[in-house]
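Each chain is listed here by its residues.
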There are 2 protein chains.
Amino acid sequence: MSFQRVLEYAHKLVEERTNQGDIVVDATLGNGNDTLFLAKLVGDSGRVYGFDVQREAIAKTIAKLKIDNLDSRVECIEASHEYIDKWVKEPVTAAMFNLGYLPGSDKSITTKPQTTIKAIEILLKLLKVGGVITLVLYIGHDGGAEAAEVEKYLQTLPQKKYAVIKYRFLNQVHNPPFLIAIEKIRE
Amino acid sequence: MSFQRVLEYAHKLVEERTNQGDIVVDATLGNGNDTLFLAKLVGDSGRVYGFDVQREAIAKTIAKLKIDNLDSRVECIEASHEYIDKWVKEPVTAAMFNLGYLPGSDKSITTKPQTTIKAIEILLKLLKVGGVITLVLYIGHDGGAEAAEVEKYLQTLPQKKYAVIKYRFLNQVHNPPFLIAIEKIRE
């Protein structure tokens, strides 16, 4: 028994709310780990919409999905997540973000607070009551500026409509990622 | 399904680590709610040591325990938690703190960062590997000064020996309490 790690916690929050047949979003494909996790959750009748601005991330994700023969459950879209609602029109049960840059890739291409916040605003509208948005925030790439700006924005969400939690390890060196999660309580 | 509240989370972390027969500590009896919770967990063969500087808290706690006929499992000690090791000599599985003042009581009597930190240091030595200390921090009584000082101290704990997590709601008005929990990873 030990405290849940940040990524495990994000997965737990999504898993306990998502059922087969649901529509979910991976807002930052990256290496495709969350996409694979989501594709398993929604089953054959569900759908994952995955976004990334980097073609490399799309390719990595599709390759990973093909191993488990799950690529038909996922629509990979080479676009910024600020345009999510051009593709996603249905109510969404869960959306996942990893904020920062694609590990092992071009460190100058990172998520940006303005577009991240825009994507969150769109997803808050699409989100079902009881649905969840998870954000794993890395603070290495910009000294924590993006994380601070996103956190400041989320503090302003009305508590009657949304619950927002933050989960982090306090005593780790090397700026470990932390988790923020948003649940829609009512429309 | 909704995000766990701070008190629920503290109870969950203690519950999943504590077995019948264990020794546990309620470092701040208050109204006796955590004491009752702990007394149920440890069973007839276990032992709860409860501390409070206020006689009123001791009396309220004993009255609460008597209702469920659990008062024989608890030793209530009218003393500051900075002297825990004068009474507790055995390895401890869990310890719980509520930092602030006793609700509905004299608001000038609150926990203090220096004595809280001293109590934590003692408990870290008594704690079993895999054991947990939970702190629910209220920030109304002093504008958050105690919480900030305790948090700063906990950030310095070596990560090879201890994991320290913080769990809080970001978008609630009126300074809701937040949770810090410490797990001993190794001696």
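Residues numbered from 1 in each chain as written. Chains lettered and ligands numbered in written order. Predicted model: local features only at pLDDT ≥ 70, side-chain atom pairs only at ≥ 80, totals over all residues. Heavy atoms only, no water.

The name given to chain A in an unreviewed UniProt entry is 16S rRNA (Cytosine(1402)-N(4))-methyltransferase, with Vulcanibacillus modesticaldus as the source organism.

**Topic: the confidence of the model for chain A**
Our working definition: What pLDDT conveys is the predictor's confidence in a given residue, as a value from 0 to 100.
Across chain A, pLDDT averages 93, with 96% of residues at or above 70. Reported confidences for the modelled complex are a pTM of 0.94 and an ipTM of 0.92.

**A short note on the relation of the copies chain A and chain B**
We count it as follows: What sets the superposition is a least-squares fit of C-alpha atoms, and only residues with pLDDT of at least 70 in both copies go into it. Contacts are residue-level and defined by heavy atoms, with any inter-residue pair within 4.5 Å sufficient.
With an RMSD of 0.0 Å, the fit of chain A onto chain B corresponds to turning through 180° and sliding 0.0 Å along the axis. Here the two chains are linked by the operation of a two-fold rotation axis. Looking at the rotation axis and the C-alpha trace of chain A, the residue lying nearest is Tyr167(A), at 2.4 Å. When the interface residues of chain A are mapped onto chain B, 100% of them again lie at the interface, so the same face is used by both copies.

**Side note on helix α6 (residues 145-154) of chain A**
For the record, the criterion: Categorising residues by exposure relies on relative accessible area from a 1.4 Å probe, with only protein chains included: less than 20% of the type maximum marks a residue as buried, more than 50% marks it as exposed, and the intermediate range marks it as partly exposed. Helix and strand assignments come from DSSP, with helices taken as H or I runs of at least 4 residues and strands as E runs of at least 2, each series counted from the N terminus. Here the arc refers to the set of directions running from the helix axis out to each C-beta atom.
Within the span of α6(A), buried status applies to Glu146(A), Ala147(A), Val150(A), Glu151(A), Tyr153(A) and Leu154(A). Down the axis, α6(A) shows its buried residues gathered within 160° of arc, on one side only. Buried-residue contacts for α6(A) involve β4 (92-99), α5 (113-126), β5 (127-137), β6 (162-169) and β7 (178-184) of chain A together with β6 (162-169) of chain B.

**Details of the packing of helix α1 (residues 6-15) of chain B against helix α2 (residues 33-42) of chain B**
Residue and element names in this part refer to chain B. Here is the rule: The axes used here are C-alpha line fits, helices contributing only the stretch in contact, and every angle between their N-to-C directions lies in the interval 0 to 180 degrees. The cut-offs work like this: below 35 degrees is roughly parallel, past 145 is roughly antiparallel, 65 to 115 is roughly perpendicular, and the gaps in between are oblique. Note: crossing handedness is left-handed where the near helix turns anticlockwise from the far helix by less than a right angle, and right-handed where it turns clockwise.
Across the interface, α1 lies against α2 with an axial gap of 11 Å and an inter-helix angle of 25°. By the angle class used here, α1 and α2 are roughly parallel. Considering the relative orientation of α1 and α2, their crossing is right-handed. For the pair formed by α1 and α2, the contact residues are His11, Val14 and Glu15 on the first element and Asp34, Phe37, Leu38 and Leu41 on the second.

**Some remarks on the interface of chain A and chain B**
The condition that has to hold: Once two parts are brought into contact, the accessible area they lose, counted with a 1.4 Å probe and summed over both, makes up the buried area. Between Lys or Arg on one side and Asp or Glu on the other, a salt bridge is scored when a side-chain nitrogen of the former is within 4 Å of a carboxyl oxygen of the latter. Following the grouping adopted for this structure description, the nonpolar residues are Ala, Val, Leu, Ile, Met, Phe, Trp, Tyr, Cys and Pro, the charged ones are Asp, Glu, Lys and Arg, and the polar ones are all others, Gly among them. At least two bridges found by DSSP between two strands is the condition for calling them paired.
Facing 30 residues of chain A, the contacting portion of chain B comprises 30 residues. When chain A packs against chain B, the two sides together hide about 2,700 Å² of surface, and 59% of this comes from carbon and sulfur. It is Phe3(A), Leu170(A) and Asn171(A) in chain A that bury the most area against chain B; as a group they hold 31% of the surface buried on that side. Summed over the shared surface of chain A and chain B, the number is zero salt bridges. Those elements that place two or more of their residues in the side of chain A that touches chain B are α1 (6-15), α6, β6 and β7 of chain A. Counting residues per element, the side of chain A that touches chain B draws most heavily on β6(A), at eight residues. Across the side of chain A that touches chain B, the residue classes break down as 19 nonpolar, five polar and six charged. Alignment of β6(A) against β6(B), held across five bridges, turns out to be antiparallel. Bridged to Lys166(A) within β6(B) is Arg168(B).

**A few points about unusual backbone geometry**
Positive phi outside glycine occurs at His174(A), with the angle close to 60°. When you line up the elements, His174(A) lands in the loop between β6 and β7. Classification of His174(A) as exposed rests on a relative accessible area of 75%. Residues other than glycine seldom take positive phi values, yet Asn69(B) does so here, at roughly 60°.

**Regarding the pairing of β6(A)**
Residue and element names in this part refer to chain A. Counting buried positions along β6 yields seven of eight residues, so the element is predominantly enclosed. Where β6 lies against β7, six bridges are found, and the strand directions are antiparallel. Bridge pairing in β7 links isoleucine 165 to alanine 181.

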